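Here is what each chain is made of, one letter per residue.
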Amino acid sequence: MTSTGPLRDPANRVSPKAIRLWLLESLIAFVFFMGGALLVSTWVGGSGWSWVPDWFAEDSWLLPVAVLVVVLPFLAAEPFVRYAVHRWELSGDVVYARSGFLTREWVFVPVSRIQTVDKGQGWFERMLGLATLEIRTASHAGSSTIKGLDFHVAAGLAEQLAHRAEQLRDDAT
């Protein structure tokens, strides 16, 4: 039976603390973008190279301003949009996850196909009490990653999925 309607949203949001994680990651990205722009601007500004257009060599300070105007709003809004979009759900024997804000990705992972369930924490995730859950199947296309979960939610879900996957494998043999 095939549904012709739109996919419904998974029931569970990631942790609200994920917004802070993604803001922190955006801040780090902004520092690198701005640092690169300032470096290039300084390097080109007094170079006197003939291959650099005169308008750019004379007004090289415009590059960091352009980076500020173009990149900063995107990096500031991205964590909030990402939080609004990222969701997950364990329903019956399927893990359902949705992610992506420019391109949406829906992933359905049958629990009976799960081979490993891992939870991991980067430095910033550990600092904020968050974790990433990686659900792997034999097929890369069937695997899923859920980022921004509270550590205890990720640990409980990992245990529940591993236990349920073991039960389903035992039933099939």
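Notes on the structure follow. Predicted model, so just to flag it, every value in this text is computed and none were measured. (Residues numbered from 1 in each chain as written. Predicted model: local features only at pLDDT ≥ 70, side-chain atom pairs only at ≥ 80, totals over all residues. Heavy atoms only, no water.)

1. Side note on the side chain of Ser 41
Inspection of the secondary structure assignment puts Ser 41 in helix 1 (residues 17-45). Take Ser 41: its relative accessible area is 8%, and that puts it in the buried class. A polar side-chain atom of Ser 41 sits 2.8 Å from the main-chain carbonyl oxygen of Ser 60. Setting aside its immediate chain neighbours within four residues, Ser 41 contacts Ser 60, Trp 61, Leu 63 and Pro 64. (Helix = DSSP H or I, 4+ residues; strand = E, 2+ residues; numbered from the N terminus. Buried < 20%, exposed > 50% of the residue type's maximum accessible area, 1.4 Å probe, protein only. Polar contact = N/O pair within 3.5 Å; in protein donor to acceptor, adjacent residues only side chain to side chain. Contact = heavy atoms within 4.5 Å.)

2. Remarks on the packing of aromatic side chains
Evaluation of the coordinates by the stated rule reveals 1 aromatic pair. Ring geometry for Tyr 96 versus Phe 108: centroids 4.4 Å apart, planes at 10 degrees, classification stacked. With a gap of 12 residues between them, Tyr 96 in strand 3 (residues 94-99) and Phe 108 in strand 4 (residues 105-110) connect regions that are remote in the sequence. (Phe/Tyr/Trp six-rings, centres within 6.5 Å; stacked < 30°, edge-to-face > 60°.)

3. Focus: the environment of Gly 45
Within the secondary structure layout, Gly 45 lies in helix 1. Counting along the chain gives 13 residues from Gly 45 to Glu 58, while the straight-line C-alpha distance between them is 6.5 Å.

4. Regarding the environment of Glu 134
By the secondary structure assignment, Glu 134 is in strand 6 (residues 130-137). In this structure the C-alpha to C-alpha distance between Glu 134 and Val 117, which are 17 residues apart in sequence, comes to 5.8 Å. Ignoring sequence-local partners within four residues, the contact set of Glu 134 consists of Thr 116, Val 117, Asp 118, Ser 144 and Thr 145. Within polar-contact distance, the side chain of Glu 134 engages the side chain of Arg 136 at 2.2 Å.

5. Here we look at the sheet that holds strand 3
Spatial ordering of the open sheet is given by 1-2-3-4, a layout of 4 strands whose pairing is antiparallel. Each end of this open sheet is capped by a strand with a single partner; those strands are strand 1 (12-13) and strand 4. For strand 1 and strand 2 (residues 87-91), the ladder comprises 2 bridges, and the chain directions are antiparallel. Each bridged residue has a counterpart across the sheet, and for Arg 13 the counterpart in strand 2 is Arg 87. Relative to strand 3, helix 3 (residues 62-85) is tilted by about 155 degrees, and along the sheet it contacts strand 1, strand 2 and strand 3. (Pairing = 2+ DSSP bridges. Axes fitted to C-alpha atoms, helices over the stretch in contact; angles between N-to-C directions.)

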